[in-house]
Amino acid sequence: MIIGRKEEEKLKLFFFVVTTGAMATPSGSWMQEFNEASKLGDEINGMINGKNSLPPSGPETQRHLSATRRKIAILRTKLDILQSLLTALPSKQPM
């Protein structure tokens, strides 16, 4: 079964709420997801900076780069979820 972009975003939002036990309000969910994405961004930044202490190549460097790429992919998903949550907020709801 092929689903469209909007259905995919709704599914992501649904699974996010179910798996994380996100707060009941859309703004609460958004803030929780934002805080997690922010922490992940800081972690990725540290990993990128930490690459300088590794040898130019080798298995340790490859593992580090792979771990960094995985975290970047997770952050990309979190940013998609943030965008979906933001569009779900009522226009007058405070953040």
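So, here's what we can say about the structure. Since this is a predicted model, take the numbers as computed values, not measurements.

1. What to know about the overall build of the chain
So, point 1. Scanning the chain from terminus to terminus reveals three helices and zero strands.
So, point 2. Its helices and strands in sequence order give the chain the pattern α-α-α, from N to C terminus.
So, point 3. Within the chain, buried positions represent 25% of all 95 residues.
So, point 4. Excluding contacts between residues fewer than 6 apart, the proportion of contacts in the chain whose partners are at least 24 apart in sequence is 62%.

2. Some points on the side chain of Glu33
So, point 1. Locating Glu33 in the fold gives a position in helix 2 (residues 26-50).
So, point 2. Engagement of the side chain of Glu33 in a polar contact is seen with the side chain of Lys78, the distance being 3.5 Å.

3. Observations concerning helix 3 (residues 59-88)
So, point 1. Taking 1.5 Å as the rise per residue, helix 3 with 30 residues should run 44 Å; its terminal C-alpha atoms sit 44 Å apart, in good agreement.
So, point 2. Buried residues of helix 3: Thr61, His64, Ala67, Thr68, Leu75, Lys78, Ile81, Leu82, Ser84 and Leu85, and no others.

4. Re the nonpolar core
So, point 1. In terms of nonpolar packing, the biggest core is built from eight residues, these being Trp30, Ala37, Leu40, Ile44, Leu75, Ile81, Leu82 and Leu85.
So, point 2. Taken together, the elements giving at least two residues each to this core come down to helix 2 and helix 3.
So, point 3. In this view, Leu82 contacts Trp30, Glu33, Phe34 and Ala37; residues no more than four positions away in its chain are not counted.

5. Some words on the pattern of salt bridges
Think of it this way: side chains of opposite charge can pair up when their charged atoms draw near.
So, point 1. For the coordinates displayed, the defined rule picks out three salt bridges.
So, point 2. For the salt bridge of Glu43 with Lys71, the shortest nitrogen-to-oxygen distance reads 2.7 Å. One end of the pair, Glu43, is in helix 2; the other, Lys71, is in helix 3, with 28 residues separating them in the sequence.
So, point 3. Residue Glu43 is classed as partly exposed on the basis of its relative accessible area of 39%.
So, point 4. The exposure class of Lys71 is partly exposed, given its relative accessible area of 23%.
So, point 5. Salt bridges linked by common partners bring Glu33, Glu36 and Lys78 together as one network.

6. Considering the environment of Gly50
So, point 1. Mapped onto the elements, Gly50 comes out in helix 2.
So, point 2. Overall, Gly50 belongs to the partly exposed group, its relative accessible area being 24%.
So, point 3. Considered as a pair, Gly50 and His64 are 14 residues apart in the sequence and their alpha carbons are 9.0 Å apart.

Each value, and the rule that gives it
- Residues numbered from 1 in each chain as written.
- Predicted model: local features only at pLDDT ≥ 70, side-chain atom pairs only at ≥ 80, totals over all residues.
- Heavy atoms only, no water.
- Helix = DSSP H or I, 4+ residues; strand = E, 2+ residues; numbered from the N terminus.
- Buried < 20%, exposed > 50% of the residue type's maximum accessible area, 1.4 Å probe, protein only.
- Contact = heavy atoms within 4.5 Å.
- Polar contact = N/O pair within 3.5 Å; in protein donor to acceptor, adjacent residues only side chain to side chain.
- Expected span 1.5 Å × (residues − 1).
- Core = buried A, V, L, I, M, F, W, Y, C linked by side-chain atoms within 4.5 Å.
- Salt bridge = Lys/Arg side-chain N within 4 Å of Asp/Glu carboxyl O.

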